[in-house]
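Notes for the structure review
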Amino acid sequence: MNAMPPLAPVPSPLETFLAQQEGIGLLRFLTCGSVDDGKSTLIGRLLYDTKLIFDDTLATLARDSVKHGTTGDDIDFALLVDGLEAEREQGITIDVAYRFFTTDKRRFIVADTPGHEQYTRNMATGASNADLAVVLIDARQGVLTQTKRHSFIVSLLGIRHIVLAVNKIDLVGFSEARFNQIREEYAAAVQHLGFKTLTAIPMSARYGDNVISVSERTPWYDGPSLLHLLETIDVDSDTAARPFRMPVQWVNRPNLDFRGYAGTIASGSIRPGDRVTVAASGRTSTIARIVTLDGDLDEAGAGRAVTLTLADQIDISRGDVLAAPTEPVPVADKFDAQIVWLSEHTLFPGRSYIVKLGTRSVSGSVTRIRHRIDINSFENVAADTLEMNDVAAVSLSLTAPIAVERFTENRDLGGFILIDRLTNATVGVGMVETAAQASTNIVWHDLAVDREARAAMKGQRPAAIWFTGLSGAGKSTVANLVDRKLHALGRHTFILDGDNVRHGLNRDLGFTEADRVENIRRAAEAARLLVDAGLIVLVSFISPYRSDREAARERFEPGEFLEAFVDTPIDECRRRDPKGLYARADQGLIRNFTGVSAPYEAPENPELHLRTDATAEELADRVVEELRRRAIIA
Amino acid sequence: MSDRLSHLKRLESESIRIFREVAAECRAPVFLYSIGKDSTVMLHLAMKAFFPSKPPFPLMHIDTGWKFREMIEFRDATVARLGLPLIVATNAEGRRQGINPFDHGGYYTHAMKTEALKAALKQHGFDAAFGGARRDEEKSRAKERVFSFRTAAQEWDPKNQRPEFWQLYNGRMNPGESLRVFPLSNWTELDIWHYIMLEKLDIVPLYFAAVRPVVVRDGSLIVVHDERMRLDPGEVPEQKLVRFRSLGCYPLTAAHESDAATLPDIVAEMLVARTSERGGRLIDRDDKDSMEKKKREGYF
């Protein structure tokens with residue numbers, strides 16, 4: 001908090017003091033490291049020694065220390081920051097807590113982050129907005145796996161300055177040799193992580209040695225105290241010097257006469273009269289005004305939230321990026337990135353997620369895991385899937401090209417999150433390494449005879465009808481009947497049947513979740529080629545996962561993909577058991593059998609919901625009727 | 001981030017970005033307006049975020065019926081001046097039952113604030129609610145995300161929050177789920193006052209020292225605000241020069257003795273203060289984890 005020490009005189013006049021405060025820069029840092037290395041204690045000690053703890057807070061703290069404390073009769077500073085009930089009960093930090101303090105040189109926001117591996121995503125959350133990391137090490141323990149994991153993650157998230165706090169130095173007899181040993185071990189471990197500065201400080205957070213002032217108990221240490229370093233270190237980035245970029249966040253249209261583009265300038269600066277290019281379309285215009293409630297600005301730079309108006313009427317919407325025309329932003333639908341996987345659900349290549357980058361959200365998937373990075377050795381290892389807290393180098397593919405830059409050059413256009421399509425949870429965070437310019441990637445062959453022309457010749461609109469349901473639900477039966485009826489009507493059709501495709505195109509795939517994802521992806525791609533050929537494609541696949549069917553849907557134009565849920569209860573499927581599969585699955589002879597030992601996620605809003613209240617013949621008629629209703633056939 | 005923007009300009013830009021992101025990503029946002037200094041700053045930032053348009057969402061005030069008269073007057077004058085739509089939501093059933101801060105203690109806050117808020121959010125179908133909470137206020141608030149996800153039952157699960165990176169917020173949710181959004185997360189109490197001074201914002205007069213009738217209860221100065229205030233036998237209100245550091249329901253908000261009658265006085269007083277801002281909020285003292293508990297149940 002921002003109270004000053006009680007005896008400090010308030011400068012007069014007050015406005016001068018506040019103006020000076022306003023000029024003081026901000027440093028955001030985090031404390032990280034393994035469990036019990038003393039992260040929360042260090043922050044508590046910093047706040048206490050800089051006299052920034054209010055009396056009533058201190059009284060509560062003294063009470064809590066008796067109840068929950070782990071420091072005998074002393075005040076347990078960790079309780080200052082461990083704000084959640086569960087944290088105090090268990091004596092651990094679960095989620096990141098933010099604390100604020102100010103000295104006469106700088107103001108600080110410190111993120112106290114959890115040490116347990118289980119809560120790595122909360123640690124990463126705290127790291128993402130920090131300029132510097134204080135990595136704590138218990139002098140008795142030395143460099144641990146978690147020390148390396150945290151160092152690696154902070155480097156990925158863009159932190160370039162490290163303070164290595166060799167804590168609990170009192171418990172190793174203030175040993176210089178031990179300190180040097182840890183410092184060297186750590187420096188060797190992180191030498192490839194690209195840190196600009198690394199300062200090691202011997203410390204006792206509990207007793208305050210080298211925290212706000214240099215301790216007499218480490219006479220051999222000639223470096224700065226932690227606070228002195230935090231107050232003086234230069235962490236300036238050069239965002240302002242880079243070319244102008246602004247992702248459009250919101251289009252401001254109060255009336256017909258005003259059209260403004262609201263956003264936060266990601267890099268560079270802008271003035272009225274400057275030329276700007278819209279990244280994806282390449283259209284160019286001139287900045288007319290920089291509009292704010294306080295009046296128009298002559299110039300605005302990186303970090304500023306503004307509303308820009310342009311001299312020309314050009315089509316711009318949320319997600320577009322305005323950029324300096326002399327240094328355009330790369331636009332790509334494929335890029336390489338490093339990601340940290342944050343979900344307890346496995347990442348499978350090919351599965352579709354929402355990729356949010358800048359102000360743009362598009363569907364995309366990891367097409368390939370190039371390698372996983374072993375946290376302990378920092379070595380690259382091969383991986384087919386990713387589990388929670390894994391870090392990997394991957395390739396991504398999006399359904400639309402977007403403006404994207406390397407993360408190290410531009411955080412706003414190089415950092416992204418992956419969002420689960422069903423739960424909407426944030427399941428991954430990524431940093432773009434290289435973006436391939438869309439046009440230099442794969443050049444689409446310009447088809448002279450297009451799909452509409454092919455379909456028109458057949459007197460139909462192309463479509464994919466995707467039959468999903470349990471094994472034995474009757475998907476193939478209904479699909480075959482629909483096929484016959486359409487054929488009888490002179491329509492051009494084709495059937496893709498799960499079992500048949502598994503004998504050919506997908507013969508290399510098994511039934512693990514990863515293989516099922518790939519199975520559906522190939523089926524969707526094959527169906528799309530056939531739709532491009534102007535056909536009505538009847539796809540009959542169990543396709544148990546909603547996200548995979550949604551990914552398939554996205555390969556098609558709106559209205560071209562019809563999900564037909566063949567909704568036969570499992571007891572009925574089991575009774576039918578046309579291929580004897582349920583019996584074998586029940587005996588444990590088939591692993592990952594949908595409905596028995598693997599889940600089936602029913603569609604929520606299928607275009608066609610085919611229940612067993614009718615015969616297969618009637619269900620097929622309903623499908624044909626729906627195709628008529630949608631003018632797919634006449 | 002560039003250090004070239006001044007501290008307050010940077011905070012301002014960060015808050016504006018949050019407002020715009022919600023407006024772009026959420027279907028039906030609402031601004032929870034509680035009339036105090038933080039709401040005042042937050043409202044000013046919302047006006048800036050969308051200028052020359054008006055903010056594309058209504059304001060909503062949860063009126064317990066026990067707010068200071070000056071607060072209600074200030075509220076009505078503010079929305080009239082800015083021309084913004086205001087929804088006043090009250091737990092009518094609770095009011096009919098006569099639930100009050102004297103007889104019903106912690107239950108009063110739960111029924112008249114938390115439940116009233118949840119019911120109103122549900123009734124209007126809001127999927128995102130802006131609140132003026134700051135991380136420097138209180139320990140459990142120090143833990144909360146800027147976009148704080150709520151389940152369909154409007155509950156907060158502090159042990160399982162969505163991770164949040166840079167200023168890249170995830171505003172996606174399923175029907176029935178909602179977000180509480182805190183544009184002032186990274187502001188401190190001093191930042192708020194400093195900004196009010198710089199931007200010359202009007203605030204409720206209760207923040208300024210004046211002679212007011214008070215009684216002392218458990219060491220707290222309670223202003224005898226209207227005829228509903230119950231006096232203990234033998235209790236006689238005294239006239240004292242007092243002001244408020246934080247504003248809530250009047251019988252539950254303690255004043256302190258002060259002669260700070262101007263904004264610079266207030267800031268000067270704050271710089272030497274030795275007690276925390278919410279020290280005057282009696283509801284926080286129910287028990288140790290009261291804020292976290294209330295928040296999990298849906299309190300802001």
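Data block above holds the structure.
Reference entry: report on the structure contained in this document. The shown structure was predicted, so the numbers you read here are calculated from the model rather than taken from an experiment. (Residues numbered from 1 in each chain as written. Chains lettered and ligands numbered in written order. Predicted model: local features only at pLDDT ≥ 70, side-chain atom pairs only at ≥ 80, totals over all residues. Heavy atoms only, no water.)

1. Regarding the overall build of chain A
Heads up, the condition is: Helix and strand definitions here come from DSSP, where helices need a minimum of 4 consecutive H or I residues and strands a minimum of 2 consecutive E residues; each element is numbered from the N-terminal end. Partly exposed residues are those whose accessible area sits between 20% and 50% of the maximum for their type, while under 20% is buried and over 50% is exposed, using a 1.4 Å probe and protein chains only. We call two residues in contact when some of their heavy atoms are within 4.5 Å. The accessible surface values rely on the Shrake-Rupley method and a 1.4 Å probe; as for residues, cover is taken only from the protein chains in view. Neither His nor the chain termini are counted; the positive set is Lys and Arg, and the negative set is Asp and Glu. The atoms used to mark charge sites are NZ of Lys, CZ of Arg, CG of Asp and CD of Glu.
Within chain A, the regular secondary structure consists of 18 helices and 27 strands. With respect to the principal axes defined by its C-alpha atoms, chain A has extents near 95 × 70 × 45 Å. Counting every position in chain A, which comprises 634 residues, the buried fraction comes to 57%. For chain A, contacts bridging at least 24 residues in sequence account for 71% of all contacts bridging at least 6. Surface summary for chain A: the accessible area is close to 26,000 Å², and the carbon and sulfur share equals 49%. Computing the positive centroid from 71 side-chain charges and the negative centroid from 87, chain A places the two 5 Å apart.

2. Notes on the nonpolar core
Keep this limit in mind: To form a nonpolar core, buried Ala, Val, Leu, Ile, Met, Phe, Trp, Tyr and Cys residues must be joined to one another through side-chain atoms within 4.5 Å.
By size, the foremost hydrophobic cluster in this structure holds 81 residues, and its most contacted members are Phe 19, Phe 31, Val 41, Trp 187 and Trp 193 of chain B. Residue contributions to this core peak at eight residues, all from helix α2 (residues 37-50) of chain B. Non-local contacts of Val 41 of chain B, meaning those with residues more than four positions away in its chain, are made with Leu 184, Trp 187, Ile 192, Tyr 195, Ile 196 and Leu 201 of chain B. Ranked by size, the runner-up nonpolar core spans 51 residues in total, among them Ala 130, Ile 137, Tyr 186 and Val 391 of chain A.

3. Thoughts on the interface of chain A and chain B
Here is the rule: By buried area we mean how much accessible surface two parts lose on assembly, using a 1.4 Å probe and totalling the loss over both. The salt bridge criterion pairs a side-chain nitrogen of Lys or Arg with a carboxyl oxygen of Asp or Glu, the two atoms within 4 Å. Between N or O atoms, a polar contact is any pair within 3.5 Å; within protein, one atom must be a potential hydrogen donor and the other a potential acceptor, and residues adjacent in sequence are included only when both atoms are from side chains. Gly is put with the polar residues, along with every residue not named as nonpolar or charged; the nonpolar set is Ala, Val, Leu, Ile, Met, Phe, Trp, Tyr, Cys and Pro, and the charged set is Asp, Glu, Lys and Arg.
Counting residues at the interface gives 96 residues for chain A, matched by 76 residues for chain B. Of the roughly 7,500 Å² buried where chain A meets chain B, counting both sides, 54% is carbon and sulfur surface. Among the residues of chain A in contact with chain B, Glu 22, Trp 250 and Leu 293 of chain A are the three that bury the most area, contributing 9% of the side total. The interface formed by chain A and chain B contains nine salt bridges. A salt bridge links Arg 318 of chain A to Glu 21 of chain B, with the shortest nitrogen-to-oxygen separation between them at 2.7 Å. The interface formed by chain A and chain B includes 35 residue pairs in polar contact (both at pLDDT 80 or more). When residues of the side of chain A that touches chain B are assigned to their parent elements, the largest contribution, six residues, is made by helix α1 (residues 14-23) of chain A. When the residues that make up the side of chain A that touches chain B are grouped by side-chain class, the tally is 45 nonpolar, 28 polar and 23 charged.

4. Here we look at the sheet that holds strand β7 (residues 210-217) of chain B
Residues and elements named next belong to chain B. Which entries qualify depends on this criterion: At least two DSSP bridges between two strands are required for those strands to pair.
Taken together, the four strands give an open sheet; going across it, the order is β8-β7-β9-β10, and neighbouring strands pair in antiparallel fashion. Both edges of this open sheet fall to β8 (220-223) and β10 (256-257), since each of them pairs with a single strand only. Where β7 lies against strand β9 (residues 238-243), five bridges are found, and the strand directions are antiparallel. Bridging from a neighbouring strand, Ala 210 pairs with Val 242 of β9.

5. Quick look at the side chain of Glu 164 of chain B
You can see Glu 164 of chain B is positioned in the loop between β5 (147-150) and β6 (178-181). The buried charged residue Glu 164 of chain B lacks any salt bridge, with Arg 135 of chain B as its nearest oppositely charged partner at 4.4 Å. Only 3.0 Å separates the side chain of Glu 164 of chain B from the backbone nitrogen of Phe 147 of chain B, close enough to count as a polar contact. Setting aside chain neighbours within four positions, we find Glu 164 of chain B in contact with Thr 125 and Ser 128 of chain A together with Arg 135, Arg 145, Val 146, Phe 147 and Tyr 169 of chain B.

6. Considering helix α15 (residues 546-553) of chain A
By the burial criterion, the buried members of α15 of chain A are Ser 547, Asp 548, Arg 549, Ala 551 and Ala 552 of chain A. At its buried positions, α15 of chain A is contacted by β17 (352-357), β23 (463-468), α14 (513-532) and β26 (561-567) of chain A.

7. Observations concerning the pairing of strand β9 (residues 258-264) of chain A
Residue and element names in this part refer to chain A. Most of β9 is tucked away: six of the seven residues are buried. As defined by bridge partners, strand β8 (residues 250-255) adjoins β9 across four bridges and the pair is classed as antiparallel. What sits directly across from Val 251, in β9, is Tyr 261. The turn joining β8 and β9, which pair antiparallel and follow one another in sequence, is formed by two residues. In terms of strand pairing, β9 meets strand β14 (residues 305-310) through four bridges, oriented antiparallel. Looking at β14, one finds that Tyr 261 is bridged to Leu 308.

No statement about biological role is implied by the geometric values presented.
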